[in-house]
Amino acid sequence: MRALGQALKREGITAEVYAGYELACAFIDTNLIVRCDGHRSWWRTMWNDRNHRAIYAWHPAIDPLRAARRVARQYALARIRPRGRVR
């Protein structure tokens with residue numbers, strides 16, 4: 001997760017990274033948290049109203065640079081989308 005935090009910084013995103021109990025989290029924004037279990041990193045992309053659940057994207061943890069680019073894209077989308085109800 002440290003590598004992902006550094007890759008996010010190169011993308012211009014500041015994240016607070018915490019690790020413990022075999023799970024690491026990078027807190028980027030209140031609505032964007034990246035979790036990593038050592039095998040994959042995942043983050044919430046949107047909410048499915050029909051099924052009443054979150055939809056997640058994931059990326060292999062061995063490729064933090066590409067994961068950071070994908071997270072940066074999601075962060076940019078989240079910033080331009082109007083915020084709805086928190087779920």
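Below: a short report on this structure. Given the structure is predicted, the values throughout are model-derived calculations rather than measurements.

### Comments concerning helix H1 (residues 2–10)
Move 1: Restricting attention to buried positions, one finds in H1 the residues Leu 4, Gly 5, Ala 7 and Leu 8. Along the long axis of H1, the arc covered by the buried residues comes to 165°, so they all point the same way. Those residues of H1 that are exposed and aimed more than 90 degrees away from the buried face are Arg 2, Lys 9 and Arg 10.
Move 2: Of the surrounding elements, those touching the buried residues of H1 are strand S1 (16–20), strand S2 (23–29), strand S3 (32–36), strand S4 (40–48) and helix H2 (64–80).

### Quick word on unusual backbone geometry
Move 1: Although it is not a glycine, Glu 22 adopts a positive phi angle of roughly 65°.
Move 2: Looking at the secondary structure, you find Glu 22 in the loop between S1 and S2.
Move 3: Residue Glu 22 is classed as exposed on the basis of its relative accessible area, which comes to 76%.
Move 4: Even without being a glycine, His 52 presents a positive backbone phi close to 55°.
Move 5: Counting through the fold element by element, His 52 comes out in the loop between S4 and strand S5 (53–60).
Move 6: Under the relative-accessibility criterion, His 52 is labelled exposed at 60%.

### A few points about the environment of Thr 45
Move 1: As for its placement among the helices and strands, Thr 45 is situated in strand S4.
Move 2: The exposure class of Thr 45 is buried, given its relative accessible area of 16%.
Move 3: Residues Thr 45 and Ile 55 lie 10 residues apart in sequence; the distance between their C-alpha atoms is 5.7 Å.

### Notes on the packing of aromatic side chains
Two aromatic rings, taken as a pair, are described by how far apart their centres are and by the angle between their planes.
Move 1: Across all of its chains, the model carries one aromatic pair by this definition.
Move 2: Seen in terms of ring centroids, Tyr 18 and Phe 27 are 5.8 Å apart; in terms of plane orientation they differ by 65°. Their pairing is edge-to-face.
Move 3: Across the ring face of Trp 58, the terminal group of Arg 40 is positioned such that the distance to the ring centre comes to 4.1 Å.

Rules behind the numbers
- Residues numbered from 1 in each chain as written.
- Predicted model: local features only at pLDDT ≥ 70, side-chain atom pairs only at ≥ 80, totals over all residues.
- Heavy atoms only, no water.
- Buried < 20%, exposed > 50% of the residue type's maximum accessible area, 1.4 Å probe, protein only.
- Helix = DSSP H or I, 4+ residues; strand = E, 2+ residues; numbered from the N terminus.
- Arc of directions from axis to C-beta.
- Contact = heavy atoms within 4.5 Å.
- Phe/Tyr/Trp six-rings, centres within 6.5 Å; stacked < 30°, edge-to-face > 60°.
- Lys NZ or Arg CZ within 6 Å of the ring centre and 35° of its normal.

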